[in-house]
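Given next are the chains, with one letter for each unit.
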Amino acid sequence: MDEVEKKVVDLIAEVLVDVNKENIEPGSKIVEDLGAESLDIYDMIALLEDEFGLEIKDEDVEKIQTVRDVANFIKAARAAS
Amino acid sequence: MPTRVVVTGIGLVTCLGSGVASNWEALEAGRSGIGPITLFDTTRFATRIAGEVHGSFDPQGFIPEKELRRLDRFQQFALVAAAEAMKDSGLECPPANPFRYGIVVGSGMGGLGTIEIGLDVFRMKGPKGTHPLMIPKVVANLAPGLLSIKYGFKGPNFALVNACTSGASAIGEAFLMIRSGRADAIITGGTEAVVTEFSVSCFNALRALSTRNGDPEKASRPFDKDRDGFVIAEGAGIMLLESLEHATKRGARIYGEVIGYGATGDAYHVVMPDPEGEGAYQAMKMALEDAHLAPGKIDYINAHGTGTELNDVMETRAIKKLFGKAAYSVSISGTKSMTGHMIGAAGAVEAIYCLLAMAKSVIPPTINLDNPDPECDLNYTPLQAARRKVEYALTNSFAFGGQNASLVFRRLD
């Protein structure tokens, strides 16, 4: 995992009460594998926006499935700015 | 015969400690839980003291660490106090017929602390910066909501907002629901976490709080001539009420029976009680009539006793009017002298103190009662706890807004 992926894992682990950090992998699907529900997703978005200083729009969220997708989104947003 | 209602589990989180045992130890020793405020910077505040619940309030780890950030402090207190009460009760959860099990929890101000912080962020970042968990952390009814999720109780579920009377009103209404057959058991009580900068500044603006900052343990002085206002505090008191039949069937330990509830409104003033104590008198009278009990039978009154001139004199007048000569033989105490005033949790915590006084045959003291106000001339159990068998106990709660509630308990041997 690279630095961005590691940070994303940390934040997801902070939100999902029943999930151990060790069980989160870059390929983990956030809803299907990790059991996130809508409030968890909103919570994650707020944390990610704070941490990385960017805005994640609801339509962007629809394209995101895995932990790696989140990291790639962040990297792309950073490259574009 | 109407359904009889008993208490089978109790739990406490206060500035005296987390858990019933540590609370009782402090009460019996007459130890104050008041200290300097650490939850925020008090530099510019007239009042810099409070009854704070300290860091280790969840020593048994009832709330997973990760969940804490999703819960306002008033919700955390309710969950921890309820965990103690439910463990104490031994009731199996979720119950087989969950719709017969309800939850009624009082809170005066809900997640005020979350609103304060959330509003700071909102002013800085605008609507986009608003956190998605604000609503569930703020609303008062999430205390009973969270408890229903945790214990699987699906019967009547609501919060009761009644300022300083919230906790007592919640227990009273829960009692009526079980007595009238709408539920077999109800988790009830009160919770509050308003040692926050905005709340303290609001109460300071009303000139309601003690400013005895240099001597925090002496600051809460119910019925004492040298009092200068109440001391704000935080905490929760939660109990499990059950019908006697339900409790007996499962062989539960019974702390005592709830036998009377009185509730009135002063129709007088937004923050001052009726100085003649008519509303307080009528609430106590209603509770005793409900219990079919003569005033002289009461052994112990846990007074509202806030340590404000308006309350202490009014409450004393109301007790004298109702009890007549017996007013001088009943043991009274103002336990807020040790705990401070937990607003919406106070009535529930003090109801639990009544049950403990019955169980231990000990009256907790009113500490700091060095020079009684001449208008307050009853037996407030000054300075030291007293031994006395308590068969019947009454607790009073009175609110800003004029709401009054009294509860009467009976010891069952």
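The coordinates are above.
Conventions adopted
- Residues numbered from 1 in each chain as written.
- Chains lettered and ligands numbered in written order.
- Predicted model: local features only at pLDDT ≥ 70, side-chain atom pairs only at ≥ 80, totals over all residues.
- Heavy atoms only, no water.
- Helix = DSSP H or I, 4+ residues; strand = E, 2+ residues; numbered from the N terminus.
- Rg over C-alpha atoms; globule rule 2.2 N^0.38 Å.
- Contact = heavy atoms within 4.5 Å.
- Areas by Shrake-Rupley, 256 points an atom, 1.4 Å probe, with all protein chains shown as cover.
- Lys, Arg positive; Asp, Glu negative; His and termini not counted.
- Charge placed at Lys NZ, Arg CZ, Asp CG, Glu CD.
- Axes fitted to C-alpha atoms, helices over the stretch in contact; angles between N-to-C directions.
- Parallel < 35°, antiparallel > 145°, perpendicular 65-115°, else oblique.
- Left-handed = near helix turned anticlockwise from the far one by under 90°.
- Buried area = accessible area lost by both parts, 1.4 Å probe.
- Salt bridge = Lys/Arg side-chain N within 4 Å of Asp/Glu carboxyl O.
- Nonpolar A, V, L, I, M, F, W, Y, C, P; charged D, E, K, R; others polar.
- Disulfide = S-S within 2.5 Å.
- Buried < 20%, exposed > 50% of the residue type's maximum accessible area, 1.4 Å probe, protein only.
- Pairing = 2+ DSSP bridges.
- Core = buried A, V, L, I, M, F, W, Y, C linked by side-chain atoms within 4.5 Å.

1. A closer look at the overall build of chain A
Next up, step 1: From N to C terminus, chain A includes four helices and zero strands.
Next up, step 2: Start at the N end of chain A and walk to the C end: the helices and strands fall as α-α-α-α.
Next up, step 3: Its C-alpha radius of gyration of 11 Å places chain A within 12% of the 12 Å reference for a compact globule of 81 residues.
Next up, step 4: Over its C-alpha atoms, taken along the principal directions, chain A stretches across nearly 35 × 25 × 20 Å.
Next up, step 5: Summarising the internal contacts of chain A: among those between residues at least 6 apart in sequence, 57% fall at separations of at least 24.
Next up, step 6: On chain A, roughly 4,600 Å² of surface is accessible, and the fraction owed to carbon and sulfur atoms is 45%.
Next up, step 7: Charged side chains of chain A number 9 positive and 22 negative; the gap between the two group centres comes to 7 Å.

2. Quick notes on the packing of helix H3 (residues 73-89) of chain B against helix H6 (residues 142-151) of chain B
Residue and element names in this part refer to chain B.
Next up, step 1: Interhelical geometry of H3 versus H6 gives an angle of 40° and a closest axis separation of 9 Å. In terms of orientation, H3 and H6 fall into the oblique class. In this structure, H3 meets H6 at a crossing whose hand is right-handed. Between H3 and H6, the residues in contact are Phe74, Gln75, Ala78, Leu79, Ala82, Ala83 and Met86 and Leu142, Ala143, Leu146, Leu147, Lys150 and Tyr151, respectively.

3. Section: the interface of chain B and chain A
Next up, step 1: The interface of chain B with chain A comprises ten residues on the first partner and 15 residues on the second.
Next up, step 2: For the chain B face of the interface with chain A, the top three residues by lost area are B:Lys66, B:Arg69 and B:Arg70, together amounting to 52%.
Next up, step 3: One can count six salt bridges joining chain B with chain A.
Next up, step 4: Looking at the side of chain B that touches chain A residue by residue, the class counts come to three nonpolar, one polar and six charged.

4. Looking at the side chain of A:Ser28
Next up, step 1: For A:Ser28, the position within the fold is in the loop between helix H1 (3-15) and helix H2 (38-52).
Next up, step 2: For A:Ser28, the contacting residues outside a window of four places in its chain are A:Asn23, A:Asp33, A:Leu34, A:Gln65, A:Thr66 and A:Val67.

5. Comments concerning the state of the cysteines
All names here are of chain B.
Next up, step 1: Enumeration over the complete set of coordinates arrives at zero disulfides over all chains.
Next up, step 2: Counting only cysteine sulfurs, Cys202 is the nearest neighbor of Cys164, a cysteine outside any disulfide, at a range of 14 Å.
Next up, step 3: For Cys164, a relative accessible area of 8% translates into the label buried.
Next up, step 4: Accessibility expressed as a relative area gives 34% for Cys202, which makes it partly exposed.

6. Quick notes on the pairing of strand S9 (residues 256-265) of chain B
Residues and elements named next belong to chain B.
Next up, step 1: Here S9 lies mainly inside the structure; eight of its ten residues are buried.
Next up, step 2: In this sheet, S9 lies alongside strand S1 (residues 5-14) in antiparallel orientation, the contact comprising three bridges. In the strand pairing of S9, Val5 is matched with Val258.

7. Observations concerning the side chain of B:Asn213
Next up, step 1: Note that B:Asn213 resides in the loop between helix H8 (197-205) and strand S8 (235-243).
Next up, step 2: Setting aside residues up to four positions removed in sequence, B:Asn213 forms contacts with B:Ala46, B:Thr47, B:Arg48 and B:Ile49.

8. Quick word on the nonpolar core
Side chains that are nonpolar tend, in soluble globular proteins, to be buried together.
Next up, step 1: With 49 residues, the main nonpolar core has B:Val7, B:Ile10, B:Met239, B:Leu241, B:Leu355 and B:Phe409 as its most contacted residues.
Next up, step 2: By residue number, the principal contributor to this core is helix H13 (residues 346-360) of chain B, which donates eleven residues.

9. Quick look at the pattern of salt bridges
Next up, step 1: Inspection of every chain in the model, using the stated rule, returns 31 salt bridges over all chains.
Next up, step 2: Between A:Asp43 and B:Arg69 there is a salt bridge, and its shortest N-O distance comes to 2.9 Å. Placement of the pair is A:Asp43 in helix H2 and B:Arg69 in the loop between helix H2 (65-68) and H3, with the two residues belonging to separate chains.
Next up, step 3: Residue classification places A:Asp43 among the buried positions, given a relative accessible area of 0%.
Next up, step 4: The exposure class of B:Arg69 is partly exposed, given its relative accessible area of 25%.

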